[in-house]
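The residues making up each chain are set out below.
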Amino acid sequence: MIGHCMGAASALEAVSCVMTLGDGVIPPTIHHEQTDPECAGLRIVANEKQEAKVDVVLNNSLAFGGYDAALCLAKPGILPADTGAN
Amino acid sequence: MRLAITGFGVVSSLGVGRAAWEAAVAEGDLRAKSLGRATAAPGDLPVAEVWDWEPKVHLGPKGHRSLDRLTKFLVTAGKYALEDAGLKAEGAFLAEETVGPTDVGVCSATAYGSLDAITELNRVAELEDPRYINPQRFPNTVINAAAGYVSIWEDLRAPNTTIVDGNCGALDAVVVAETHLQHGRAKAMLVGGGEVATEPLVRALCRLGLATGDGITGDGTPLAIGEGATYFVVEQADAANARGATTLAELRGYGTAFDAPASEAQLVHGSSAALYAAITGALGEANLDADAIDLVISTQSGLAFFDDAEKAALAEAAIDAPLRTPKRHLGETFGAAGAFGMLDALDSFRSGTAQTALVLTLGYYGNASAVVMQRPAKAPTPTA
């Protein structure tokens, strides 16, 4: 929908995640025509938004050179208190 | 904050590797050894280049042809730091069950590390033809690529982060590393940074009026441009002791602040208010009073309006300790300057001339950072 925004991509995705937690609307992956057979197990939200109760969201970012990061966002009170662990 | 420095690697105008560095420091006369006339800079500017740089001596004959100068500096400094800390030897981890590939990460600072690669790519595209752009050179235009190669070369799989916030980068890398260590994402971090004295950088500084001699201070020494890289191996102090590592120094406090310039038209802004806030933050975290500081590693570079801002901040913080000014012989190394300042503090600890040092960095646009370091064997008593 918004192209690859490089260094800003994960921040924009995080905004989308927060809005999903708040509104219960999962934005679609647009222009989806055919699912790669190797992605058969994924529940892809293709072309049309879905409404759902979403409490926890995982936001993944994979960079070109081997840098990977993941951010877990949740509604307040859903997850146990922070233990300080990884 | 209680982190241990257990080793370091250095690429500098004074030599490459700990032995060369310490020998040069012991011999003295550092300005004469370090400063010369640039091969990369226009005009007659003094620079502190990594003289006679020969990467094959340190990295072997193969595998680094497409790496740029900064990447080679960083990879070399990282390799020597890991060996100095007793974590690796001849490319292998010495005790993987204690500290292995997944336990070591990188927090690396640079301010202008990819400027030369970007300039070259743009030059080819504009003056020759975009078809002539070398795709192998493109990764060097991405500013975190250089630090990424450190992890690739040394097989380090814990977090790898590049800090790009001007002259404060290497000190700010300390607190990023602390976060990763506290959260158990790594047991040891390579912390520091690197910079390269390139023609585009020097020309830009000349256009800004920073490298024209206008900033000559009372002793008549102009700003010198420097380059090099330094990494420290940083671990939680207790973990370092538990594995039997030698602690060269402890990191005890960190502070940072930003003070916006009064006008957007202002191109450079050295803020005494930001530096004062950074100093008081670092002292507060270390739980020390100002009089516990017996050495200041100054950020003085020869630019009067920045040097005066530092003097004002130190006076307001009531710090009256002797100053060491590593930039006067190593040149301004921008994002790496904090790391070279920490290295200077280590020299003072080793010689026994200081117990507690305050390392300062002052950015060109309103940011400032400070770190408190202590000699491990004889620490001052905290005030509370």
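This text goes with the structure placed above it.
Since the structure is predicted, the reported quantities are computational estimates derived from the model, not experimental observations.

Caption draft 1: Summary view of the overall build of chain A. Across its full length, chain A carries one helix and four strands. Going from the N terminus to the C terminus, chain A shows its helices and strands as α-β-β-β-β. Its C-alpha atoms put chain A at 40 × 35 × 25 Å along the principal axes. Counting across all 86 residues of chain A, residues that qualify as buried make up 14%. Carbon and sulfur atoms form 58% of the exposed surface of chain A, whose accessible area is close to 6,800 Å². Charge-centre separation for chain A: the mean point of 4 positive side chains lies 12 Å from the mean point of 10 negative side chains.

Caption draft 2: Structural detail: the overall build of chain B. Within chain B, the regular secondary structure consists of 13 helices and 16 strands. For 384 residues, the compact-globule estimate of 2.2 N^0.38 gives 21 Å, and chain B sits close to it at 20 Å. Reported as C-alpha extents along the three principal axes, the dimensions of chain B are approximately 65 × 55 × 40 Å. Residues counted as buried form 57% of the 384 residues belonging to chain B. Counted over contacts in chain B with a minimum sequence separation of 6, partners at least 24 positions apart contribute 76%.

Caption draft 3: Up close: the pattern of salt bridges. All names here are of chain B. If you walk through the whole model with that rule in mind, you get 23 salt bridges over all chains. Close ionic contact of Asp-238 with Arg-2 constitutes a salt bridge, the shortest N to O distance being 3.1 Å. With a gap of 236 residues between them, Asp-238 in helix α9 (residues 237-242) and Arg-2 in the segment before β1 (3-12) connect regions that are remote in the sequence. Overall, the relative accessible area of 37% leaves Arg-2 in the partly exposed class. Salt-bridge contacts for Arg-131 lead to Asp-129; the nearest nitrogen and oxygen are separated by 3.2 Å.

Caption draft 4: Region of interest: the nonpolar core. Residues and elements named next belong to chain B. Core analysis: the largest hydrophobic core is formed by 44 residues, its most contacted members being Ile-5, Phe-232, Leu-251, Met-342, Leu-346 and Met-373. Ranked by residues supplied to this core, first place goes to helix α13 (residues 337-351) with seven residues. Beyond its immediate chain neighbours, meaning those up to four positions away, Leu-251 contacts Met-1, Arg-2, Leu-3, Ile-5, Val-174, Val-234, Met-342, Val-371, Val-372 and Met-373. Ala-111, Val-202, Ile-319 and Ala-368 belong to the second-largest nonpolar core, a separate cluster that totals 39 residues.

Caption draft 5: Inspection of the sheet that holds strand β4 (residues 46-48) of chain B at higher detail. Residues and elements named next belong to chain B. One open sheet accounts for three strands, arranged β3-β4-β10; its pairing is mixed. Looking at strand neighbours, the two that pair on one side only are β3 (36-37) and β10 (225-226), the edges of this open sheet. For β3 and β4, the ladder comprises two bridges, and the chain directions are antiparallel. Along β4, the bridge assignment pairs Gly-36 with Val-47.

Caption draft 6: Quick peek at the packing of helix α4 (residues 69-84) of chain B against helix α6 (residues 145-154) of chain B. Residues and elements named next belong to chain B. Running from N to C, α4 and α6 point in directions that differ by 45 degrees, and their axes come no closer than 8 Å. Between α4 and α6, the angle is such that the two are oblique. Seen along the crossing, α4 lies across α6 with a hand that is right-handed. From α4, Leu-70, Thr-71, Leu-74, Val-75, Lys-79 and Leu-82 reach across to α6, where they touch Ala-146, Ala-147, Tyr-149, Val-150, Trp-153 and Glu-154.

Caption draft 7: Quick look at a nonpolar patch on the surface. Residue and element names in this part refer to chain A. There is a patch of nonpolar side chains on the surface, built from Met-1, Ile-2, Leu-12 and Ile-30 and spanning about 400 Å² of accessible area. Relative to the assigned elements, Leu-12 resides in helix α1 (residues 9-23). By relative accessible area, Leu-12 is classed as partly exposed at 39%.

Caption draft 8: The arrangement of the pairing of strand β3 (residues 56-62) of chain A in detail. Residues and elements named next belong to chain A. The pairing of β3 with strand β4 (residues 68-74) spans seven bridges and is antiparallel. By the bridge assignment for β4, Asn-59 is matched with Leu-71. What sits between the antiparallel neighbours β3 and β4 is a turn of five residues, in which Gly-66 has the positive phi angle 105 degrees.

Caption draft 9: Fine view of empty space enclosed by the protein. All names here are of chain B. The final tally for this structure, using the stated rule, is four cavities of 30 Å³ or more. Approximately 80 Å³ is the volume found for the largest cavity. The wall of the largest cavity is formed by 14 residues, among which Pro-326, Lys-327, Ala-337, Phe-340 and Gly-341 lie closest to the centre. Of all the elements, α13 adds the most residues to the lining of the largest cavity, at four residues. Per-class residue counts for the lining of the largest cavity are six nonpolar, seven polar and one charged.

Caption draft 10: Seen up close, the packing of helix α7 (residues 169-182) of chain B against α13 of chain B. Residue and element names in this part refer to chain B. Between α7 and α13, whose axes approach to 5 Å, the crossing angle comes to 80 degrees. Here α13 runs roughly perpendicular to α7, going by the angle between their axes. Across the interface between the two elements, Ala-170, Leu-171 and Val-174 from α7 touch Gly-338, Ala-339 and Met-342 from α13. Classifying every residue of the contact of α7 with α13 gives five nonpolar, one polar and no charged.

Caption draft 11: Spotlight on the layout of surface pockets. Quantified by volume, the largest pocket comes out at close to 1,600 Å³. Lining the largest pocket are 40 residues, and of these Ala-63, Gly-66, Tyr-67 and Asp-68 of chain A together with Asn-144 of chain B sit closest to its centre. Elements that contribute at least two residues to the lining of the largest pocket include exactly α1, β3 and β4 of chain A together with α6 and β8 (160-163) of chain B. Sorting elements by how many residues they give to the lining of the largest pocket places α6 of chain B first, with five residues. The residue inventory of the lining of the largest pocket, partitioned by class, reads 19 nonpolar, 16 polar and five charged. Here the second largest pocket defines a volume of roughly 1,100 Å³. Surrounding the second largest pocket, 27 residues form its lining, Ser-16, Ile-26, Pro-27, Pro-28 and Thr-29 of chain A being those nearest its centre. Going through the elements one at a time, α1, β1 (25-26) and β3 of chain A are the ones with two or more residues in the lining of the second largest pocket. Looking at the lining of the second largest pocket, the element that brings in the most residues is α1 of chain A, giving seven residues.

Calculation rules
Residues numbered from 1 in each chain as written. Chains lettered and ligands numbered in written order. Predicted model: local features only at pLDDT ≥ 70, side-chain atom pairs only at ≥ 80, totals over all residues. Heavy atoms only, no water. Helix = DSSP H or I, 4+ residues; strand = E, 2+ residues; numbered from the N terminus. Buried < 20%, exposed > 50% of the residue type's maximum accessible area, 1.4 Å probe, protein only. Areas by Shrake-Rupley, 256 points an atom, 1.4 Å probe, with all protein chains shown as cover. Lys, Arg positive; Asp, Glu negative; His and termini not counted. Charge placed at Lys NZ, Arg CZ, Asp CG, Glu CD. Rg over C-alpha atoms; globule rule 2.2 N^0.38 Å. Contact = heavy atoms within 4.5 Å. Salt bridge = Lys/Arg side-chain N within 4 Å of Asp/Glu carboxyl O. Core = buried A, V, L, I, M, F, W, Y, C linked by side-chain atoms within 4.5 Å. Pairing = 2+ DSSP bridges. Axes fitted to C-alpha atoms, helices over the stretch in contact; angles between N-to-C directions. Parallel < 35°, antiparallel > 145°, perpendicular 65-115°, else oblique. Left-handed = near helix turned anticlockwise from the far one by under 90°. Patch = residues over 30% accessible without salt bridge, like charges linked within 9 Å, V, L, I, M, F, W, Y side chains within 5 Å. 1 Å grid on protein atoms, 1.4 Å probe; cavity = no way out; pocket = protein on both sides within 12 Å on 5 of 7 lines; lining within 4 Å. Points joined across faces, edges and corners; volume = space filled by probe spheres on them. Nonpolar A, V, L, I, M, F, W, Y, C, P; charged D, E, K, R; others polar.

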